[in-house]
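Descriptive analysis of the structure
Letter by letter, the chains look like this.
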Amino acid sequence: SQKIEQNSEALNIQEGKTATLTCNYTNYSPAYLQWYRQDPGRGPVFLLLIRENEKEKRKERLKVTFDTTLKQSLFHITASQPADSATYLCALARNNRLAFGKGNQVVVIP
Amino acid sequence: EAGVTQFPSHSVIEKGQTVTLRCDPISGHDNLYWYRRVMGKEIKFLLHFVKESKQDESGMPNNRFLAERTGGTYSTLKVQPAELEDSGVYFCASSHSDTQYFGPGTRLTVL
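Report follows, based on the coordinates. Remember, predicted model here, so these are calculated numbers, not experimental data.

Re the nonpolar core
In terms of nonpolar packing, the biggest core is built from 24 residues, with Ile4(A), Leu33(A), Trp35(A), Phe75(A), Tyr88(A), Cys90(A) and Leu92(A) touching the most fellow members. Beyond its immediate stretch of four places on either side in the chain, Phe75(A) contacts Ala19(A), Thr20(A), Leu21(A), Trp35(A), Leu47(A), Leu62(A), Lys63(A), Val64(A) and Tyr88(A). Membership of the second largest hydrophobic core comes to 21 residues, among which are Leu46(B), Met60(B), Phe65(B) and Leu108(B).

Quick notes on the pattern of salt bridges
All names here are of chain B. The full count for this structure, using the stated rule, is 13 salt bridges over all chains. Two residues, Glu-42 and Lys-44, come together in a salt bridge whose shortest N-O distance is 4.0 Å. Judged by its relative accessible area of 48%, Lys-44 falls in the partly exposed class. Taking the shortest distance from any N to any O, the salt bridge between Lys-54 and Glu-57 comes out at 3.9 Å. One connected set of salt bridges, linked through shared partners, spans Arg-64, Glu-85 and Asp-86.

Observations regarding the state of the cysteines
In a disulfide, the sulfur atoms of two cysteines are covalently bonded to one another. Going through the model one piece at a time under the given rule, you end up with two disulfides over all chains. With a sulfur-sulfur separation of 1.9 Å, Cys23(A) is cross-linked through a disulfide to Cys90(A). For the disulfide bridge between Cys23(A) and Cys90(A), the dihedral angle about the S-S bond is near -55°, and by the sign convention the bridge is left-handed. Note that Cys23(A) is positioned in strand β3 (residues 19-26) and Cys90(A) in strand β9 (residues 86-94), a separation of 67 residues in sequence. Across a sulfur-sulfur distance of 1.8 Å, Cys23(B) and Cys92(B) are joined as a disulfide pair. Here the disulfide of Cys23(B) and Cys92(B) is left-handed, its torsion about the S-S bond being about -60°. Here Cys23(B), found in strand β3 (residues 19-24), pairs with Cys92(B), found in strand β9 (residues 88-95); they are 69 residues apart in sequence, far enough to count as distant. Assessed through its relative accessible area of 0%, Cys23(B) is described here as buried. Residue classification places Cys92(B) among the buried positions, given a relative accessible area of 0%.

Some points on the sheet that holds β3(A)
All names here are of chain A. If you walk across this open sheet you meet the five strands as β1-β3-β8-β7-β6, and the pairing is antiparallel. Either end of the sheet is taken by a strand with one partner, and the two such strands are β1 (3-6) and β6 (56-59). Each neighbouring strand pair of the sheet contributes to a mean axis angle of 15°, computed without reference to strand direction. As judged from the four bridges shared by β1 and β3, these two strands associate in the antiparallel manner. The residue bridging Lys-3 from the neighbouring strand is Thr-26, located in β3.

A closer look at the sheet that holds β3(B)
Residue and element names in this part refer to chain B. Overall, antiparallel pairing links the four strands, which are arranged β1-β3-β8-β7 in an open sheet. The sheet is open, and its two edges are formed by β1 (5-7) and β7 (65-68), each paired on a single side. Across this sheet, the average inter-strand angle for adjacent strands is 15°, counted without regard to direction. Pairing of β1 with β3 involves three bridges; the strand directions are antiparallel. If you follow Thr-5 over to β3, its bridge partner there is Asp-24.

Quick notes on the pairing of strand β7 (residues 62-67) of chain A
Residues and elements named next belong to chain A. Bridge count for β6 against β7 is four bridges, and the pairing is antiparallel. If you follow Glu-56 over to β7, its bridge partner there is Thr-65. Hairpin connection between β6 and β7: a loop of two residues separates the two successive antiparallel strands, and Glu-60 in this loop has a positive phi of roughly 55°. Sheet analysis places β7 next to strand β8 (residues 72-77), joined by six bridges and oriented antiparallel. If you follow Asp-67 over to β8, its bridge partner there is Gln-72. Hairpin connection from β7 to β8: four residues lie between these consecutive antiparallel strands, with Lys-71 at a positive phi of about 55°.

Some remarks on the interface of chain B and chain A
Accessible area lost upon the coming together of the parts is a frequently used measure of interface size. The partner chain A presents 18 residues to the 19 residues of chain B that form the contact. Roughly 1,500 Å² is buried in total at the junction of chain B and chain A, and carbon and sulfur atoms are behind 49% of that figure. Across the contact surface, chain B and chain A share two salt bridges. One salt bridge in this structure joins Asp98(B) and Arg51(A), with 2.6 Å as the shortest N-O distance. Only β4 (31-37), β5 (43-50) and β10 (101-102) of chain B provide two or more residues apiece to the side of chain B that touches chain A. Taken together, the residues that form the side of chain B that touches chain A break down as eight nonpolar, six polar and five charged.

About the thresholds
Residues numbered from 1 in each chain as written. Chains lettered and ligands numbered in written order. Predicted model: local features only at pLDDT ≥ 70, side-chain atom pairs only at ≥ 80, totals over all residues. Heavy atoms only, no water. Core = buried A, V, L, I, M, F, W, Y, C linked by side-chain atoms within 4.5 Å. Buried < 20%, exposed > 50% of the residue type's maximum accessible area, 1.4 Å probe, protein only. Contact = heavy atoms within 4.5 Å. Salt bridge = Lys/Arg side-chain N within 4 Å of Asp/Glu carboxyl O. Disulfide = S-S within 2.5 Å. Helix = DSSP H or I, 4+ residues; strand = E, 2+ residues; numbered from the N terminus. Pairing = 2+ DSSP bridges. Axes fitted to C-alpha atoms, helices over the stretch in contact; angles between N-to-C directions. Buried area = accessible area lost by both parts, 1.4 Å probe. Nonpolar A, V, L, I, M, F, W, Y, C, P; charged D, E, K, R; others polar.

In structure tokens, the structure reads:
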């Protein structure tokens, strides 16, 4: 069956460092992959989209990589700030349906 | 530009009652989606509208759930009769192309 795995343990990181999150998947062939940010009590907020034929995407302090051979995406937040503290969701897309991981919490310590 | 809005933000009902959730997508977005997050689980797809037509409703859990999008604008999701396991957060999303923009969700509690 399809599986999308994100680290269930929160990532605690010092302000200014780079946070790296992993999204692994099995039995799935996504056309593209999206990363969202979710704060408590709010809906997911779109951050980045990367397609199956793209290796890397950047937006300001965010970077996403996508390796369809390894079936893995990495999400990086460089120069992390306390305001980056949130849960980050990986979502794989096929035929307009998004399949989400459970999310990975990031806590940036000042 | 206004984002996706959902109403109500919270709903508490008793088992067996009916609840109707509403979603207003971003203006001009033909695609509208419903998702649900049950406690402790990941967000799961329920269905997808293109304008007023149901494109994919394979994620709907059972026939107690009915979604409509009359006129291709706002959508409603009715749960009738509600069961305890229906509790969770219901998200609506809309898109013009690939990127889906989510609303704040409706937290449904069935007692």
